[in-house]
Amino acid sequence: MSEKKEIDEIVEECCTVFRRRQIEGSLPCAKKTLDILRLIVTNKKHSTAGALIDEIRNVGYRMQTARPVELAIGNMVRRVLHIVREEAKQEEMEEAKPSFSQPSASEGSRIQSGGGLLSQALKGRLHLPRGPSLSNLLDVGIDQAIFTSQLAPIHESPADRPDPPQPSASVGGGGFVPAAERADRGGADEAESLASTRRQQGKKAPQNWKGKHEVIESINELIDELDHIQGSITTQGVEHIHANEVILTMGMSDTTLLFLKEAAKKREFQVVVAEGAPRFDGHLMARKLADAGIQTTLIADSAVYAMMARANKVLVGAHAVLANGGVVAPVGLHMVALSARRHSIPFVVLVGLHKLSPLFPTDPELLYNEFKGPSDVIDFDVVGEAFAQQQQLHQAFAAAAPRDGDAAGPGPGSATAAGGGGYTSAGGFIDVSLPSISAAATAASGGGAGSSSPPLAATGPLGLTAAGGAFRWDPLPGNVHVPTPLFDYVPPHLISLFITDMGGRTPSYVYRLLTEYYARDDYFLSREVFGKDGAR
Amino acid sequence: MHVTEGFEANTQGTLNELAVREFHDALSRDEEVAFAVAAIMALTAVIKRSRQAAAGVRGCMLRRTADATTLMGVSKELEDAAQALQRVNPTNISLKAGCELFLRYTTRTSALELKDIETAKARLIERGLHFAETSTRARQTIAELGSRFIRSNCTVLTHGYSRVVLRLLQQAFSSGLQFSVIVTEGRPDGTGITMAKKLDAENIPVTLVLDSCVAYIMDRVDMVLTGADAVVENGGIINKLGTYGIALAAQAASKPFYVAAESYKFARLYPLGQADLPEERKPLDVGPMLPPRANVINPSRDYTPPQCISLLVTDLGVLTPAAVSDELIQLYL
């Protein structure tokens, strides 16, 4: 089918864009992801919700792997999957409803008014979307089994539905559409012309899953939500900043800037900005804050601890929130968080919920760091000079020793790297050869020389698995390792509060947000439905 | 009147006996069966039996019997049977928690809406069986969820013998991860030695240390992983004596402390300290050289507060300690 190919091409194009970093930032990436997913839901036909889920998972996984460090992509995929699953569940419930003894109680109203025993007993089923929980452990699966076997024999083929004892798979077979109901909905789907024409063509068999319309609507809502996400965070500024407070922040973050600006409309306060080496985007932040009429102080990163005693609050942005309540944040923030903790200063993180990831920092699937070139840390002039020196050393070495495989190794490797400005980048790590400061080199190589785990591993309990490829280490003495990671992992116990678009949340509440926004089956996009193939 | 009452008590008595017998049967059939799950099976048998009796009695044309003909009656029978079960082992918290959860699950079902008592009972039985099945499967779910916390080349410290921890480690090992386990000896009952034996049988590299060696060994450890007798309402755990000490040592060394526990171990207890634990008597195992006037305190379990616990791996998912109270409140509110 040509149309299918077309969508495939679009997806591939999008993956390329992600891979080339032509889109930067979580929010644009999230939006792009949703656009693609909406395109798929609208223009491709899926006979069941299960088929749609599979497709979204596949495409989602492709997009996530194109840019693994941008977790918002995967998060948006999971959100859409959750929407589809909810819709399928809703449908299933509606199908079971006619035979249900109390149709009024199960009228689909999510807000249960009564507090009686009966309504509570029902609650379990109506709130199924919450995912496995103590309160609905038994409601998943068995109720459906009973309804189909005893009370509601409307499903023609029970084999069509998933195994009842498998709670996680309870939505798989939601695609069964009674012909009568389908006919009812004929005109409702004018919006997606492609889909509706197809439905009219194939009237006999349920060609297109009828829940699609609702799914598309929900995706549109989600996109809308993303558009307003920054606004919903920044409007809370006034609530969190008091008069004459000293706020400490590091680097540049749009959300933080807007948040502070918003608060400055009503309050007078001071901001201390740490410059955020090696990006030094704190300079820009300080400039913008000063332009907005806020009293601003710029400090070096190394002065953070000293300044912390004067601060009343630390306010920063983050790159992602992980399942345990920890955050992936611009590098340097772990240090800020630690000094805030030492001084018992609240460490507040501004974060939109599109950054909420269901992965734990220990998950092998999570790649949370990225390494930049060393040019921010070390000048290319120095590098070039050092490189030239090393080349001479190499030549001298090669001339002295017989050219066996070992000695030949670095030669060609370095030669190709010369064009790139005198450093080689292998698997995200950068080696710069600097014979002139060999004393420092021995110190630096002490930890990292032999092993593939970088010295950074000490920053947290995480394996910084960026070093997937070969880790090139020059056998000659005089190497300096210049890793420039973009992110830090800040553990949950150092974080006082998240200010999200849905209000303030503590790190210990993150697990609850996860169950609200994602289905457990989707936590791992790469894996088959949870429980079916648990082995890695 | 008197006769009927006597008869009632008698039948309840036999029901209780049945429950206890079923409980022991379930335990002896398979050593993998946890106390709580055995209790769940026994209580399901009680509902079943009560139903069978109802049919049989009707055949005998007896007008009034002890067999429950109302759902209130069924719950009463279940409560009695649950109490009888708890009398078997009054200090076992997971048994108590399992019984409580079962009662809660069965009594708050939508079976209450069904008019016909037989249908309702059938539904209760179905739920009971389903609960037993879910609980049996819980361990595997935990193993799958928890094995992702184990990284290759890491060292895991565990305390005493826990079947769910063992399963989790097996799962991680069978997925091709290389790691080693340090097991405490687990005095006084030496359960750590059992654990070491079982791990060794799986070819998992294992090191045995003294219980008092925990702080010494802590800097070689990457993570601590223990089971739990019970998970209490604030997210803390009650586990074999020494767990609290290990948790404190782990906290001091900034090592993550993970707990693997099935959701049927969630108990409605809120201990504020060690003194709040249900008392437990057990035989003393101290050396023979005891001075006559020395007191001996020999508890067999302790309470680890939630702030020492990084995460709980349960069949409901990976939870923070704060999530436990949330789950319990959702169920019991």
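Use the structure listed above.
In this text, all values refer to a predicted model and were calculated from it rather than measured experimentally.

(A) Geometry of the sheet that holds strand β3 (residues 295–299) of chain A. Residue and element names in this part refer to chain A. Pairing in this open sheet of 7 strands is mixed, and the strands run β3-β2-β1-β4-β7-β12-β13 from one edge to the other. Two strands close off the open sheet at either side, each with one partner strand: β3 and β13 (503–505). Across the sheet, the mean angle from the axis of one strand to that of its neighbour is 25 degrees, orientation sign disregarded.

(B) Geometry of unusual backbone geometry. Cis rather than trans, the peptide bond between A:A277 and A:P278 has omega equal to 0 degrees. In this chain, B:R187 is followed by B:P188 through a cis amide linkage whose omega measures 0 degrees. Even without being a glycine, A:R21 presents a positive backbone phi close to 60 degrees. In this structure, A:R21 sits in the loop between α1 (2–19) and α2 (26–43). We note that A:N244 has phi near 65 degrees; this positive angle belongs to a residue other than glycine. Within the secondary structure, A:N244 sits in the loop between α10 (237–240) and β1 (246–250).

(C) Focus on the pattern of salt bridges. Residues and elements named next belong to chain A. One pass over the full model with this rule turns up 26 salt bridges over all chains. With a shortest N-O distance of 3.3 Å, R38 and D35 are connected by a salt bridge. Highlighted residues: R38 and D35, both in helix α2, separated by 3 residues, approximately one helical turn. According to the relative accessible area criterion, R38 is partly exposed, its value standing at 28%. Salt bridges here are not isolated pairs; linked through shared partners, they connect D8, E12, R19 and R62.

(D) Structural view of the environment of B:L316. Along the polypeptide, B:L316 turns up in the loop between β9 (311–314) and β10 (317–319). Residues B:L316 and B:T141, spaced 175 residues apart in sequence, show a C-alpha to C-alpha distance of 8.6 Å.

(E) Structural detail: the nonpolar core. By size, the foremost hydrophobic cluster in this structure holds 76 residues, and its most contacted members are A:F347, B:I150, B:L169 and B:F179. Take this core: its biggest share by element is 6 residues, from helix α6 (residues 163–174) of chain B. Setting aside its immediate chain neighbours within four residues, B:F179 contacts B:I150, B:R151, B:N153, B:C154, B:V156, B:L169, B:A172, B:F173, B:I204 and B:P205. The next biggest cluster of nonpolar side chains, apart from the first, holds 68 residues, and it includes B:C99, B:A132, B:A228 and B:L316.

(F) Highlighting the sheet that holds strand β11 (residues 487–490) of chain A. Residues and elements named next belong to chain A. With respect to topology, 3 strands assemble into an open sheet ordered β5-β6-β11, the strand pairing being antiparallel. Each edge of the open sheet is held by one strand with a lone partner, namely β5 (320–321) and β11. In this sheet, strand β6 (residues 327–330) lies alongside β5 in antiparallel orientation, the contact comprising 2 bridges. When the sheet's bridge partners are listed, V321 is paired in β6 with V327. Against the sheet, helix α14 (residues 333–342) engages β6 and β11, with an angle of about 35 degrees to β11.

Cut-offs and rules
Residues numbered from 1 in each chain as written. Chains lettered and ligands numbered in written order. Predicted model: local features only at pLDDT ≥ 70, side-chain atom pairs only at ≥ 80, totals over all residues. Heavy atoms only, no water. Pairing = 2+ DSSP bridges. Helix = DSSP H or I, 4+ residues; strand = E, 2+ residues; numbered from the N terminus. Axes fitted to C-alpha atoms, helices over the stretch in contact; angles between N-to-C directions. Salt bridge = Lys/Arg side-chain N within 4 Å of Asp/Glu carboxyl O. Buried < 20%, exposed > 50% of the residue type's maximum accessible area, 1.4 Å probe, protein only. Core = buried A, V, L, I, M, F, W, Y, C linked by side-chain atoms within 4.5 Å. Contact = heavy atoms within 4.5 Å.

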